[in-house]
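A look at the structure
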Amino acid sequence: MDSAPMLFEELCLLCEKLEGMSGKNAMVALVSDFIKRLNGDELEPAVRFIVGEVLPPWSGKELGVGYKTVYKVVSDIVGASGDEWLRLFNACGDFGATVQALFERRRRAQRLVTKRLTIREVYERLLRVCDASGEGSRKRKERLVASLFSDASPLEAKYLAKVILGERRHGFGEALMEEAIAKAFGVPLRLVHRVSMLTSDIGLTARIARMGRRALEEQGVVLFHPVRPMLAERASSLREALREVGEAIIDWKLDGARVQIHKRGRVVRVFSRRLSDVTQSLPEVVEAVLGGLSAEEAVVEGEVVAVGEDGGPMPFQYLMRRFRRVHGVRESREDVPVKLYLFDALYLDGELLIDRPLEERRELLVGRADEELIVESIRTSDLREAERFFKRAIEEGHEGVVVKDPRAPYTPGVRGRRWLKVKAAPHTLDLVIVAAEYGHGYRYKYLSDYHLAAYDPETGRFLVVGKCFTGLTDDELEMMTRRLKELAVKQVGRVVYVVPKVVVEVGFAEIQESPHYPSGFALRFPRILRIREDKSPQDADTIETVRRVFEEQRARQRISSGGSH
Ligand code: ATP
């Protein structure tokens, strides 16, 4: 039987405790005890709130409420000025904590009595914010958010702000949540992780885990819930890749955007690598699948590339114009045509394929899809043949090749060495902008110098590895300045600190050890090569990768200096 509804305040107190803790096991135990006490209909929202989301990114629904709105709503409620915000923010360094401090002061002044919000109620009211659409929706969203904050205590306001803005400061992400779910319901972590990767839905995963081991074991893909993509590691040469994999399926590595396509009958949805629904932006992908894939139900994967008039690939930046407005315009299919190349099948007509070897999955895909929809590939263990294929890929304008182990299953969410990418270009890193400085000369009004950071999955923090001020065109600079200002949380002199959201691909001369940065590393001569709209901050390169690249580079330097003696 269900017990009394759980209060939102209890969830806030839990998050508060997590903020003060560092031991993972103790955190997992605490969350596991908490979720065990929840009623059935509270489990999903609570699990989502703790990891810092309201709905998964692919749901097609979003709050559409940013820092500016929360700032405005809270300022109106508590009657705070911009100066007060800045002073409090500088004192505590956290947006949610600033909101809490402002609410505390108001409470002291007005002796407010707040309503007792339950987890369920907060969730339902936030869903209403998601549902507000069409004309006047911005105002309506603002009103709904304002009324929620008006019912909140200071502590609740802090966590409302965090949930609404998707901030995950207390270091309790999905990986730890999977552990807490496994512990709470006495089921193997391996199974919880599998379902979480298959459904990309931690709330649903918790619900299935609560039903028991059998339910987890029987869970397949859920059509229209994207599966976490399997990712590749980098190999420094074809020789190294073939030595590792042996006889391999070698595909062209296309320089576009990864897509996962779900189909049931005439309904097709396309998901990006960040798991957002991008169907609207890519109507020709929908048409290609409806016309060229013979399956009633399917989950297939591939790459979408922008193509020029001659049908050859165009640079990645062109493709991004199909997803994001430049000067208020989003390019149409006429201006930036795209082409789809499929390379994997995860599910076909009732059969989950991820545990089958790649060679079987590929054969099934080739049997169902038109030839021109399949990526160019060969199967070989011969280095010369692989080199000829690689050369042709580069000549045709592609990035390189992906060397894949034909015996490997599809491992959702894993970056492993069963897929090895080999590129012609030197190593680059995908880093997150955590702060930006106003430039000099004609760039004085642009945020043009960026502090670049690598991700530390252990702590959820971003560690600076360099500063960089070159590489973007004037248009990009203007757009970037606008975006960074929206993400700004504080300014010290000319430096604006931002919420870590924007990922950029960075080239560099070398990596050095550095006592100057807490990361321990500094990039020499970094330059931004492109903005990676397709990556979330958690997809950025990790500090571990920076260390590995540094060590590879040191090994190479040793070999070459040894060789010169
Ligand atoms: P990069 O930054 O090198 O493009 P990434 O970090 O975006 O890579 P990786 O997993 O490292 O992602 O590289 C694999 C990516 O390459 C895939 O996510 C996909 O978008 C792209 N790709 C292009 N062609 C293929 C292919 N034939 N097979 C698999 N992935 C491919």
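Above this note sits the structure.
Owing to the predicted nature of the structure, the values given are computational and were not obtained by experimental measurement.

Turning our attention to the overall build of the protein chain. A count of helices and strands for the protein chain gives 20 helices and 19 strands. Its C-alpha atoms give the protein chain a radius of gyration of 25 Å, near enough to 24 Å, the size a compact globule of 565 residues would have. Dimensions of the protein chain along its principal axes, counting C-alpha atoms only, are 80 × 65 × 50 Å. Sequence-distant contacts, at least 24 apart, represent 71% of the contacts inside the protein chain between residues at least 6 apart. Counting every atom, the protein chain has about 26000 Å² of accessible surface; 49% of that belongs to carbon and sulfur. Positive and negative side-chain charges of the protein chain, numbering 90 and 86 respectively, have mean locations separated by a distance of 4 Å.

Right, let's talk about the sheet that holds strand E1 (residues 231–234) for a bit. Taken together, five strands build an open sheet; the order of strands is E1-E10-E9-E2-E8 and the sheet is mixed. Each edge of the open sheet is held by one strand with a lone partner, namely E1 and strand E8 (377–380). Within the sheet, the average angular offset between the axes of one strand and its neighbour, ignoring direction, is 35°. In terms of strand pairing, strand E2 (residues 248–253) meets strand E9 (residues 400–404) through five bridges, oriented antiparallel. The residue bridging Ile250 from the neighbouring strand is Val403, located in E9. Contacting E2, E8 and E9, helix H17 (residues 358–368) crosses the sheet at an angle of about 55° to E2.

Over its 14 residues, helix H8 (residues 137–150) extends 20 Å from the first C-alpha to the last, a length consistent with the 20 Å expected when each residue adds 1.5 Å. Regarding H8, the residues found buried are Ser137, Lys141, Glu142, Val145, Leu148 and Phe149. Buried residues of H8 fall within an arc of 135° about the axis and therefore sit on the same side.

Time to look at empty space enclosed by the protein. Following the criterion strictly, the structure yields four cavities of 30 Å³ or more and no others. Of the voids in this model, the second largest cavity is the one considered here, and its volume is about 40 Å³. Forming the boundary of the second largest cavity are Pro226, Val227, Pro229, Arg258, Val259, Gln260, Ser272, Arg273, Leu275 and Glu301. When residues of the lining of the second largest cavity are assigned to their parent elements, the largest contribution, three residues, is made by strand E3 (residues 257–264). The residue makeup of the lining of the second largest cavity, split by class, is five nonpolar, two polar and three charged.

So, on to the nonpolar core. Ranked by internal contacts, the top residues of the largest apolar core, which has 109 residues, are Phe34, Phe49, Phe149, Phe172, Met177 and Tyr450. In terms of residue count, the dominant contributor to this core is helix H9 (residues 154–165) (eight residues). Core analysis: the next-biggest nonpolar cluster, separate from the first, contains 36 residues, Tyr341, Phe343, Leu346 and Val422 among them.

Take the packing of aromatic side chains next. Two numbers describe a pair of aromatic rings. These are the distance of the centres and the angle of the planes. Under the criterion given, the structure shown has eleven aromatic pairs. Seen in terms of ring centroids, Tyr67 and Phe95 are 5.0 Å apart; in terms of plane orientation they differ by 85°. Their pairing is edge-to-face. In this pair, Tyr67 sits in helix H4 (residues 67–78) while Phe95 sits in helix H6 (residues 95–110), placing the two residues 28 residues apart along the sequence. In this structure Tyr67 comes out as buried when scored by relative accessible area, which is 8%. Given a relative accessible area of 7%, Phe95 falls into the buried group. Three or more aromatic residues joined by ring pairs make a cluster, and in this case those are Tyr67, Tyr71, Trp85 and Phe95. Note that Arg321 overlies the ring of Tyr318, its terminal NZ or CZ placed 5.1 Å from the centroid. Above the ring of Tyr341, the side-chain terminus of Lys339 is found at 4.5 Å from the ring centroid.

The topology assignment puts Lys253 in strand E2. Within the structure, Lys253 has its side chain in polar contact with the side chain of Glu399 (distance 2.8 Å).

Turning our eyes to something else, we now look at the site of the ligand. Neighbouring the ligand are 19 residues, the closest being Glu303, Arg415, Lys421, Lys423 and Lys535. In the environment of the ligand, an oxygen atom lies 2.6 Å from a nitrogen or oxygen atom belonging to the side chain of Glu303. Summarising the interface, the protein chains cover 95% of the accessible area of the ligand, which totals 590 Å² for the free molecule. When residues of the shell around the ligand are traced back to their parent elements, those giving at least two are E1, E2, E9 and strand E10 (415–423). Top element by residues in the shell around the ligand is E10. It accounts for four residues.

Pairing within the open sheet is antiparallel, and its five strands lie in the order E4-E3-E5-E6-E7. In this open sheet, the two edge strands, each paired with only one partner strand, are strand E4 (267–272) and strand E7 (351–352). Bridge count for strand E6 (residues 338–348) against E7 is two bridges, and the pairing is antiparallel. Directly across from Leu348, in E7, lies its bridge partner Glu351. Along the sheet, H17 makes contact with strand E5 (297–306) and E6, crossing E6 at roughly 120°.

What follows concerns the pattern of salt bridges. Any two side chains of opposite charge can pair if their charged atoms end up close together. In this structure the tally under the stated criterion is 55 salt bridges. One salt bridge in this structure joins Glu218 and Arg214, with 2.9 Å as the shortest N-O distance. Here Glu218 pairs with Arg214, and both are found in helix H13 (residues 213–218), just four residues apart, close to one helical turn. Just as Glu218 is exposed, Arg214 falls in that class too. Note that Arg532 and Asp534 form a salt bridge whose closest N and O atoms lie 2.9 Å from each other. The network of salt bridges with common partners includes Asp255, Asp430, Glu505, Arg530, Arg532, Asp534 and Lys535.

Here Glu121 lies in helix H7 (residues 119–131). Residues Glu121 and Arg106 lie 15 residues apart in sequence; the distance between their C-alpha atoms is 24 Å.

With that settled, the discussion passes to the packing of H7 against H8. Where H7 meets H8, the axes come as close as 9 Å, and the angle between the chain directions of the two elements is 165°. When the axes of H7 and H8 are compared, the pair comes out roughly antiparallel. By crossing handedness, the relation of H7 to H8 is classed as left-handed. Mapping the contact onto sequence places Arg125, Leu126, Arg128, Val129 and Cys130 in H7 and Lys141, Leu144, Val145, Ser147 and Leu148 in H8. Looking at side-chain class alone, the contact of H7 with H8 contains six nonpolar, one polar and three charged residues.

Calculation rules
- Residues numbered from 1 in each chain as written.
- Predicted model: local features only at pLDDT ≥ 70, side-chain atom pairs only at ≥ 80, totals over all residues.
- Heavy atoms only, no water.
- Helix = DSSP H or I, 4+ residues; strand = E, 2+ residues; numbered from the N terminus.
- Rg over C-alpha atoms; globule rule 2.2 N^0.38 Å.
- Contact = heavy atoms within 4.5 Å.
- Areas by Shrake-Rupley, 256 points an atom, 1.4 Å probe, with all protein chains shown as cover.
- Lys, Arg positive; Asp, Glu negative; His and termini not counted.
- Charge placed at Lys NZ, Arg CZ, Asp CG, Glu CD.
- Pairing = 2+ DSSP bridges.
- Axes fitted to C-alpha atoms, helices over the stretch in contact; angles between N-to-C directions.
- Expected span 1.5 Å × (residues − 1).
- Buried < 20%, exposed > 50% of the residue type's maximum accessible area, 1.4 Å probe, protein only.
- Arc of directions from axis to C-beta.
- 1 Å grid on protein atoms, 1.4 Å probe; cavity = no way out; pocket = protein on both sides within 12 Å on 5 of 7 lines; lining within 4 Å.
- Points joined across faces, edges and corners; volume = space filled by probe spheres on them.
- Nonpolar A, V, L, I, M, F, W, Y, C, P; charged D, E, K, R; others polar.
- Core = buried A, V, L, I, M, F, W, Y, C linked by side-chain atoms within 4.5 Å.
- Phe/Tyr/Trp six-rings, centres within 6.5 Å; stacked < 30°, edge-to-face > 60°.
- Lys NZ or Arg CZ within 6 Å of the ring centre and 35° of its normal.
- Polar contact = N/O pair within 3.5 Å; in protein donor to acceptor, adjacent residues only side chain to side chain.
- Near = heavy atom within 4 Å.
- Salt bridge = Lys/Arg side-chain N within 4 Å of Asp/Glu carboxyl O.
- Parallel < 35°, antiparallel > 145°, perpendicular 65-115°, else oblique.
- Left-handed = near helix turned anticlockwise from the far one by under 90°.

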